[in-house]
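Architecture at a glance
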Amino acid sequence: AQSVTQLDSQVPVFEEAPVELRCNYSSSVSVYLFWYVQYPNQGLQLLLKYLSGSTLVKGINGFEAEFNKSQTSFHLRKPSVHISDTAEYFCAVSDMAGNTPLVFGKGTRLSVIA
Amino acid sequence: EAEVAQSPRYKITEKSQAVAFWCDPISGHATLYWYRQILGQGPELLVQFQDESVVDDSQLPKDRFSAERLKGVDSTLKIQPAELGDSAMYLCASSSPKDRQETQYFGPGTRLLVL
């Protein structure tokens, strides 16, 4: 079984400042890793994913994440945030069996302040 | 771009009533998931289908919840009777076993409020 811990429930940040949203996971098997974003009253949109290869993954909207196997982490970063980045961000894992359910963290609420 | 469709978007009901949610996955996606997202939490799996067959319903409260995907395309999730604790967002997602990119695509969700 897998579990995901998002270390911060809320992150306030000023517009144009950098941000890091932290995610740690636990699993007895190798996993795929994902970050999703959710805007109010909407479904989840995939930001980026790590399946294999380079540990630095680039996604949409200028976000990137780095997979660290030894630290079992997959932190999300953006060098300069915009007001429009205000949303809920979810880290998720799935095992490598293929088409298996995602296990999500509890989410981090990113609030960008003008 | 193909999308997962869900209806209704919002539903208000009284406890002990029956409710039903509908999901139409992306065309060709054989795998369909229903997740429940309680306010302030991440989504949690309720049921997973592969074509018309249930793969995993271990977290589905079977005394009141049921799910079906009769023709292996669209799916219905039903709650009868609804309880106050069922108030949540119900999310449908789909994926293709042929897609080695392992991506699940989510619909807009149905927000349920039980009074």
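Computed from a predicted structure; not experimentally measured.

Quick notes on the pairing of strand β4 (residues 23–26) of chain A
Residue and element names in this part refer to chain A. The side-chain alternation of β4 yields one buried face, formed by Cys23 and Tyr25, and one unburied face, formed by Asn24 and Ser26. As defined by bridge partners, strand β1 (residues 3–6) adjoins β4 across four bridges and the pair is classed as antiparallel. Residue pairing in the sheet places Thr5 in a bridge with Asn24 of β4.

Describing the interface of chain A and chain B
Taken together, the contacts link 20 residues of chain A with 26 residues of chain B. Counting each side, the surface lost to burial between chain A and chain B is near 1,800 Å², with a carbon and sulfur contribution of 47%. Summed over the shared surface of chain A and chain B, the result is eight residue pairs in polar contact (both at pLDDT 80 or more). Within the residue set of the side of chain A that touches chain B, elements represented by two or more residues are β5 (31–38) and β6 (44–50) of chain A.

With respect to unusual backbone geometry
Residue and element names in this part refer to chain B. For the bond running from Ser7 to Pro8, omega is -10 degrees, close enough to zero to count as cis. Take Pro8: it is sitting in the loop between β1 (5–7) and β2 (10–13). Following Gln80, the chain continues to Pro81 via a peptide bond in cis, the omega torsion being -5 degrees. Relative to the elements of secondary structure, Pro81 occurs in the loop between β8 (75–79) and β9 (88–95).

Quick notes on the sheet that holds strand β3 (residues 19–24) of chain B
All names here are of chain B. Reading across from one edge, β1-β3-β8-β7 is the order of the four strands in this open sheet, with antiparallel pairing throughout. The sheet is open, and its two borders are formed by β1 and β7 (65–68), each paired with just one other strand. Going from strand to strand, the sheet's axes swing by 15 degrees on average, the running direction of each strand aside. Looking at chain direction, β1 and β3 are connected through three bridges and run antiparallel. Directly across from Ala5, in β3, lies its bridge partner Asp24.

Side note on the state of the cysteines
All names here are of chain B. Under the counting rule described, the total for this entry stands at two disulfides over all chains. The disulfide partner of Cys23 is Cys92, and the S-S distance across this bridge is 1.9 Å. Around the S-S axis, the bridge from Cys23 to Cys92 shows a dihedral of about -65 degrees and counts as left-handed. Here the residue Cys23 occupies a position in strand β3, and Cys92 occupies one in strand β9, the gap between them amounting to 69 residues. For Cys23, a relative accessible area of 0% translates into the label buried. Look at Cys92 and you get buried, because its relative accessible area is 0%.

Let's talk about the pattern of salt bridges
Residues and elements named next belong to chain B. All told, the structure shown has nine salt bridges over all chains when counted by the stated rule. Ionic pairing is found between Arg64 and Asp86, a salt bridge with its closest N-O pair at 2.6 Å. A residue pair is termed long-range when its members are at least 10 positions apart, and Arg64 in the loop between β6 (53–56) and β7 and Asp86 in the loop between β8 and β9 qualify at 22 residues. A relative accessible area of 2% means that Asp86 is categorised as buried.

Describing the nonpolar core
In terms of nonpolar packing, the biggest core is built from 27 residues, with A:Leu33, A:Trp35, A:Leu47, A:Leu48, A:Phe74, A:Leu76 and A:Tyr89 touching the most fellow members. When near neighbours in sequence (up to four residues on either side) are disregarded, A:Tyr89 contacts A:Gln6, A:Leu21, A:Trp35, A:Tyr36, A:Val37, A:Leu47, A:Phe63, A:Leu76, A:Gly107, A:Thr108 and A:Leu110. One finds B:Leu46, B:Leu77, B:Ala82 and B:Cys92 within the second-largest nonpolar core, a separate group that totals 20 residues.

Quick notes on the rules
- Residues numbered from 1 in each chain as written.
- Chains lettered and ligands numbered in written order.
- Predicted model: local features only at pLDDT ≥ 70, side-chain atom pairs only at ≥ 80, totals over all residues.
- Heavy atoms only, no water.
- Buried < 20%, exposed > 50% of the residue type's maximum accessible area, 1.4 Å probe, protein only.
- Helix = DSSP H or I, 4+ residues; strand = E, 2+ residues; numbered from the N terminus.
- Pairing = 2+ DSSP bridges.
- Contact = heavy atoms within 4.5 Å.
- Buried area = accessible area lost by both parts, 1.4 Å probe.
- Polar contact = N/O pair within 3.5 Å; in protein donor to acceptor, adjacent residues only side chain to side chain.
- Axes fitted to C-alpha atoms, helices over the stretch in contact; angles between N-to-C directions.
- Disulfide = S-S within 2.5 Å.
- Salt bridge = Lys/Arg side-chain N within 4 Å of Asp/Glu carboxyl O.
- Core = buried A, V, L, I, M, F, W, Y, C linked by side-chain atoms within 4.5 Å.

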